[in-house]
Amino acid sequence: MAVTIKSKREIDLMRESCRLLAKVHEELGKAIEPGISTLYIDQLGDKLIRGYGCIPNFLHYQGFPASICVSVNDEVVHGIPRKERILQEGDIVSLDCGLIYKGYHSDAARTHGVGRISPAAQKLIDETRNSFFEGIKYAKAGRHLFEISNAIDDYVSQFGYGIVEDLVGHGIGTSLHEDPQIPNFRQKRRGMKLRAGMTLAIEPMINMGRGDVEWLDDDWTVVTEDGSISAHYENTILVTDGEPEILTLL
Ligand code: MG
Ligand code: MG
């Protein structure tokens, strides 16, 4: 699929799609506490998305059975919500979701601590978020795509964390996943030149241990190979001639 440049009209629709998703994430974040099931988070998120008159774009995507990906501790992404999976004090939980507003997709992820968490877990969450902001310093018209990848890698590597290489960020628009792919690790080439009007989902997935991951037998849940915990931070952004616009932050 080709890289798309959004028109003024499309950008306005992307903005609204992303603004509503930011509100969903804000509500979901408030609901995180010990004792709730991962299925409850999915049901709440589905209700919020539909309450805005939107469609959850993860539901049935390539057969995914839920509206919110809920990934706990060593689960990196694509955790399937379950009634029996109860959040415990000290867990970290990554919520990844998106919605469709008038045909336009948004996509964002946050990792939350459940109750009191260890300082090391909090640091992993914080630095994963920070790495996103390091990356998007280069998300400007005229820069090259992999400057984003390299900046994320340079930032994360100083902490000895592992960067997940098997999953990457992506363009987004009338499809959830458009070109280009956006790795979170250093690239040999500099990648395509960025242009104003590109909308990109940039999403570092960072492990406390090594970056290697494997898939569980459900064919969805991605876990760290070494069992270390993992954090995820994602926003949909708009490339402009100046500073990038982060569309999924309120
Ligand atoms: Mg996502
Ligand atoms: Mg994404």
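Cut-offs used in this document
Residues numbered from 1 in each chain as written. Chains lettered and ligands numbered in written order. Predicted model: local features only at pLDDT ≥ 70, side-chain atom pairs only at ≥ 80, totals over all residues. Heavy atoms only, no water. Helix = DSSP H or I, 4+ residues; strand = E, 2+ residues; numbered from the N terminus. Buried < 20%, exposed > 50% of the residue type's maximum accessible area, 1.4 Å probe, protein only. Contact = heavy atoms within 4.5 Å. 1 Å grid on protein atoms, 1.4 Å probe; cavity = no way out; pocket = protein on both sides within 12 Å on 5 of 7 lines; lining within 4 Å. Points joined across faces, edges and corners; volume = space filled by probe spheres on them. Nonpolar A, V, L, I, M, F, W, Y, C, P; charged D, E, K, R; others polar. Donors = N, O, S within 2.8 Å, 3.2 Å for Na, K, Ca; no water. Phe/Tyr/Trp six-rings, centres within 6.5 Å; stacked < 30°, edge-to-face > 60°. Expected span 1.5 Å × (residues − 1).

### Some details on the environment of His112
As for its placement among the helices and strands, His112 is situated in strand S5 (residues 104–113). What makes His112 buried here is its relative accessible area of 18%. Setting aside its immediate chain neighbours within four residues, His112 contacts Gly29, Ile32, Asp91, Ile92, Val93, Leu95 and Ile125.

### With respect to the layout of surface pockets
Here the largest pocket is characterised by a volume of approximately 500 Å³. Lining the largest pocket are 25 residues, with Tyr61, His78, Leu167, Val168 and His177 sitting closest to its centre. Of all elements in the fold, only strand S7 (169–171) and strand S8 (178–182) reach the threshold of two or more residues within the lining of the largest pocket. Considering each element in turn, the lining of the largest pocket owes the most residues, 3 residues, to S8. When its residues are assigned to classes, the lining of the largest pocket shows 11 nonpolar, 7 polar and 7 charged.

### Focus on the coordination of the magnesium ion (ligand 2)
Here the magnesium ion (ligand 2) is held by Asp107 (OD), His170 (NE2), Glu203 (OE) and Glu234 (OE), and the distances to it run 2.1 to 2.2 Å. Each donor residue of the magnesium ion (ligand 2) belongs to the same chain, with the gaps between them written as D-x62-H-x32-E-x30-E. Between the magnesium ion (ligand 2) and the magnesium ion (ligand 1), a separation of 3.1 Å is found, and both are coordinated by Asp107. Placement of the pair is Asp107 in strand S5 and Glu234 in the loop between strand S13 (230–232) and strand S14 (235–238), with a sequence separation of 127 residues. Relative accessible area serves as the criterion here: at 0%, Glu234 is assigned to the buried category.

### Digging into the packing of aromatic side chains
Within this structure, the stated rule accounts for 6 aromatic pairs. Between the aromatic rings of Phe132 and Tyr233, the centroid separation amounts to 5.3 Å while the plane-to-plane angle is 70°, which identifies the pairing as edge-to-face. Here the residue Phe132 occupies a position in helix H3 (residues 119–135), and Tyr233 occupies one in the loop between S13 and S14, the gap between them amounting to 101 residues. Taking relative accessible area as the criterion, Tyr233 reaches 5% and is therefore assigned buried. Note on Tyr155 and Phe159: the rings are 5.3 Å apart at their centroids and 65° apart in plane angle, and the pair reads as edge-to-face. Look at Tyr155 and you get buried, because its relative accessible area is 17%. An aromatic cluster is built from Phe132, Phe133 and Tyr233, whose rings are joined through pairwise contacts.

### Section: the coordination of the magnesium ion (ligand 1)
Within the protein, Asp96 (OD), Asp96 (OD), Asp107 (OD) and Glu234 (OE) serve as the donor atoms for the magnesium ion (ligand 1), at 2.0 to 2.7 Å. Summarised as a motif, the one-chain spacing of the donors to the magnesium ion (ligand 1) is D-x10-D-x126-E.

### Regarding helix H4 (residues 145–157)
For H4, spanning 13 residues, the distance from its first C-alpha to its last is 19 Å, which sits close to the expected 18 Å at 1.5 Å a residue. With respect to burial, H4 is a largely interior element, 10 of its 13 residues being buried. The set of residues buried in H4 consists of Leu145, Phe146, Ile148, Ser149, Asn150, Ala151, Ile152, Asp153, Tyr155 and Val156. Turning to H4, the residues buried within the fold contact H3, strand S6 (162–163), S8, strand S9 (199–202) and strand S10 (205–207).

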